[in-house]
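Secondary and tertiary structure notes
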Amino acid sequence: MCHLRLSNVSKRFGTQEVIRDLDLSIEDGAFVVFVGPSGCGKSTLLRLIAGLEDASAGTIEIDDEDVTQLPPARRGLSMVFQSYALYPHMTVRANIAFPLRMAGLDKAAVDRKVTEAARVLNLTDYLSRKPRQLSGGQRQRVAIGRAIVREPKAFLFDEPLSNLDAALRVNMRLEISELHHQLGTTMIYVTHDQIEAMTMADTIVVLNKGVVEQVGSPMELYRRPANLFVAGFIGSPRMNFINGREAAKLGAEVIGVRPEHITLSPDGGTWRGEVGVAEHLGSDTFLHIKVDGVGQITARAPGEVDLRHGETISLTPEPGKMHLFGKTGEVIRTPEGVS
Amino acid sequence: MARTVSTQRKAAVTVLAWVIGLLIFFPILWTVLTSFKTEGEAIANPPSFLFFDWTMENYTEVQERSNYLRHVVNSVAISFGSTLIGLIIAVPAAWAMAFSPTKRTKGILMWMLSTKMLPAVGVLMPIYLIFRDLGLLDTLIALIIVMTMVNLPIMVWMLYTYFKEIPADILEAARMDGAGLRQEIVYVLAPMAVPGIASTCLLNIILAWNEAFWSLNLTAASAAPLTAFIASYSSPEGLFWAKLSAASTMAIAPILVLGWFSQRQLVRGLTFGAVK
């Protein structure tokens with residue numbers, strides 16, 4: 001069991017406040033993803049939970065125990081680092097066994113646990129190798145193995161897939177999600193990649209400049225973003241934002257409409273625009289269209305659509321799918337009603 | 001695109017490297033050769049290079065006149081003793097500066113290095129007087145203290161450079177895995193830093209072994225290391241080149257052998273971090 005609660009947590013480096021007065025509660029067994037742009041404080045927040053950074057203010061509780069002043073080893077958490085952080089002079093077996101040795105387990109128990117972790121992670125054939133003799137994916141598995149054997153209260157992942165190529169990243173994403181289902185242990189995962197966040201998380205925490213912008217399930221954030229920042233960050237390609245006269249017509253400062261919520265037609269429609277770049281992904285085509293009086297709009301079309309650069313086309317935003325934002329960027333109406 | 005180097009150019013560079021290498025090595029070779037000559041042949045003009053009457057009499061006489069073994073023991077005690085104490089001080093210092101740097105770390109490192117720019121003779125008088133008053137003149141303790149202080153900045157710098165190359169993530173991973181400070185050092189940092197620590201030790205031993213200024217000024221007989229032993233052959237009654245060369249050869253032989261066998265380690269240590 002691991003219920004984690006952060007209350008009024010702040011972190012300052014010198015005069016710079018990286019985390020500001022943050023409150024957050026993470027339920028037992030959840031897969032929580034911290035997402036946000038570079039420098040938003042997500043890694044710092046993870047390191048505060050891990051105990052690798054001291055909080056400047058506030059308290060961190062694990063299972064109702066205040067761990068704010070406890071060193072990392074006594075918090076019962078495991079962490080997987082972006083750089084894998086394997087011990088280069090040790091074999092895979094010794095790397096995985098290290099936390100168990102530190103915990104003082106006898107040799108038989110260590111061997112049993114290492115063998116089991118290696119089996120789960122398909123590392124059995126590599127146990128006698130050194131980290132430098134492994135591929136990126138295998139190294140990441142060793143790092144996960146080292147985290148698993150401790151049977152921690154929660155796993156912390158700090159951008160663990162950033163150093164892998166795109167194909168491997170997708171595989172590892174699935175493996176980590178599968179592992180979460182198998183173990184049922186709380187996982188806290190940091191990424192700047194919103195696709196990773198959307199595909200893996202039960203709960204997403206969107207951070208910006210050290211502040212939590214919104215907490216919710218992936219679909220909640222997609223359907224009902226609380227503000228312009230979340231609306232722009234969640235969803236790929238990002239939401240189109242339209243201001244000026246078009247927004248004023250609907251009584252908003254800014255209108256948000258996702259590329260998949262725009263209908264294209266040869267004529268008629270709400271706006272007319274000129275096709276710019278067309279990105280063909282096979283299943284979909286993303287069209288970047290210049291609309292007079294509105295600006296640059298991205299629209300999703302079926303994969304086989306054949307529109308050329310410079311052609312004119314009509315666009316109609318689906319009326320029930322528009323997000324309206326006020327002056328300070330707060331949402332004033334979501335597609336599912338008034339916020 | 002990789003640069004192509006012509007065969008002639010390669011040959012020219014090789015010849016140049018050999019010439020420079022031989023020029024640097026020549027004084028040592030000449031000293032060794034002279035040690036096998038008679039005093040007469042040692043000062044003969046023109047000098048003979050290889051074709052002279054080879055003799056061991058200089059070595060025999062040096063052995064009879066001086067207690068070579070005692071000087072060796074002194075040199076070993078001073079170089080290894082100062083290295084050990086230096087290491088005990090330098091490892092935690094370099095550790096702190098590498099892994100818990102403050103805004104003054106760079107300044108402290110530069111200040112430490114700047115002490116190497118001070119001419120030793122500038123502090124001879126105070127150090128001599130302090131050691132005299134403490135009754136430490138002509139003792140091994142005095143030279144071990146001085147050698148430790150003289151070489152400490154270099155030791156800290158070398159170890160700092162080494163430790164900086166160790167990713168902080170790995171030490172944090174060890175902390176997360178339940179390692180305390182002692183376990184972190186013993187199981188993670190030390191095995192990763194062994195090459196760096198070994199290079200630092202080797203360089204320090206060589207520097208302390210070859211040091212002459214403090215040895216000559218702070219020792220007389222009982223604590224004199226091999227450098228003072230060599231100097232004792234440039235006596236007021238005249239220079240005996242052959243015997244001086246024999247004494248020099250005997251003094252440099254141990255460190256030359258150590259340097260030869262550890263050259264790979266030394267080069268790696270001195271260039272660590274410079275190339276990846």
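All of these numbers come straight from a predicted model, not from anything done at the bench.

What counts and how
- Residues numbered from 1 in each chain as written.
- Chains lettered and ligands numbered in written order.
- Predicted model: local features only at pLDDT ≥ 70, side-chain atom pairs only at ≥ 80, totals over all residues.
- Domains from an automatic or database assignment.
- Contact = placed C-beta atoms within 7 Å.
- Nonpolar A, V, L, I, M, F, W, Y, C, P; charged D, E, K, R; others polar.
- Helix = DSSP H or I, 4+ residues; strand = E, 2+ residues; numbered from the N terminus.
- Axes fitted to C-alpha atoms, helices over the stretch in contact; angles between N-to-C directions.
- Parallel < 35°, antiparallel > 145°, perpendicular 65-115°, else oblique.
- Left-handed = near helix turned anticlockwise from the far one by under 90°.
- Core = buried A, V, L, I, M, F, W, Y, C linked by C-beta atoms within 7 Å.
- Buried ≥ 20, exposed ≤ 12 C-beta atoms within 10 Å, placed from the backbone.
- UniProt positions renumbered as here; feature names shortened; annotations may be inferred.
- Pairing = 2+ DSSP bridges.

The subject of this paragraph is the domain arrangement of chain A. Residues and elements named next belong to chain A. Considered domain by domain, chain A is made up of domain 1 (4–227) and domain 2 (237–338). Each of domain 1 and domain 2 has a C-alpha centre, and the two are 37 Å apart. Contacts between the two partners involve five residues from domain 1, matched on the other side by seven residues from domain 2. Looking at the side of domain 1 that touches domain 2 residue by residue, the class counts come to two nonpolar, one polar and two charged.

Assignment of secondary structure puts V120 of chain A in helix 3 (residues 107–120). V120 of chain A sits 28 residues away from I148 of chain A along the chain, and the two C-alpha atoms are 10.0 Å apart.

With that settled, the discussion passes to the packing of helix 5 (residues 105–114) of chain B against helix 7 (residues 140–164) of chain B. All names here are of chain B. Where helix 5 meets helix 7, the axes come as close as 8 Å, and the angle between the chain directions of the two elements is 140°. Accordingly, the angle class assigned to the pair helix 5 and helix 7 is oblique. As for how helix 5 packs across helix 7, the hand of that crossing is left-handed. Contact residues: helix 5 offers L109, M112 and L113, while helix 7 offers P153, V156, W157 and Y160. Considering only residue class, the contact of helix 5 with helix 7 consists of seven nonpolar, no polar and no charged.

For the rest of this paragraph, the subject is the interface of chain B and chain A. Many authors give the size of an interface as the accessible area that is lost as the parts come together. Counting from both sides, the interface comprises 14 residues of chain B and, opposite them, 17 residues of chain A. Elements represented by at least two residues in the side of chain B that touches chain A include exactly helix 8 (168–176) and helix 9 (181–210) of chain B. Ranked by residue count, the leading element in the side of chain B that touches chain A is helix 8 of chain B, at six residues. In the side of chain B that touches chain A, the residues fall into eight nonpolar, two polar and four charged.

As a further point, take the nonpolar core. Within the largest apolar cluster, 147 residues are counted, with the highest numbers of intra-cluster contacts made by V33, L156 and I188 of chain A together with L159 of chain B. The dominant element in this core, judged by the number of residues it contributes, is helix 7 of chain B, at 15 residues. The residues touching V33 of chain A, leaving out its near neighbours within four places in the chain, are Y189, T191, A197, M200, A201, I204 and V205 of chain A.

Moving on: the domain arrangement of chain B. Residues and elements named next belong to chain B. Taken domain by domain, chain B consists of domain 1 (7–59) and domain 2 (65–271). Centre-to-centre separation of domain 1 and domain 2, based on C-alpha positions: 30 Å. Contacts between the two partners involve eleven residues from domain 1 and, on the opposite side, eight residues from domain 2. If you list the elements that add at least two residues to the side of domain 1 that touches domain 2, you get helix 1 (7–35), helix 2 (39–42) and helix 3 (57–65). Tallied by class, the residues present in the side of domain 1 that touches domain 2 amount to four nonpolar, five polar and two charged.

This part takes up the UniProt feature "domain: ABC transporter" (unreviewed entry) in chain A. As annotated in UniProt, the feature "domain: ABC transporter" (unreviewed entry) corresponds to residues 4–234 of chain A in the numbering used here. The distance separating the terminal C-alpha atoms of residues 4–234 of chain A is 25 Å; by composition the span is 36% helix and 26% strand.

We now examine the sheet that holds strand 8 (residues 186–191) of chain A. All names here are of chain A. Judged by pairing direction, the sheet is mixed, and its six strands sit side by side in the order 6-7-8-3-9-10 without closing on themselves. At either margin of the open sheet sits one strand with a lone partner, and together these are strand 6 (77–80) and strand 10 (211–216). Neighbouring strand axes in the sheet, compared pairwise and without regard to direction, differ in orientation by 20° on average. By the bridge criterion, five bridges tie strand 3 (residues 31–35) to strand 8 in an arrangement that is parallel.

Moving on to unusual backbone geometry. Residue and element names in this part refer to chain A. For the bond from S236 to P237, the omega torsion is -5°, close enough to zero to count as cis. With respect to the secondary-structure elements, P237 resides in the loop between helix 8 (228–233) and strand 11 (240–243). A positive phi is found at A85, a non-glycine position, where the angle reads about 50°. On the secondary structure map, A85 appears in the loop between strand 6 and helix 2 (92–102).

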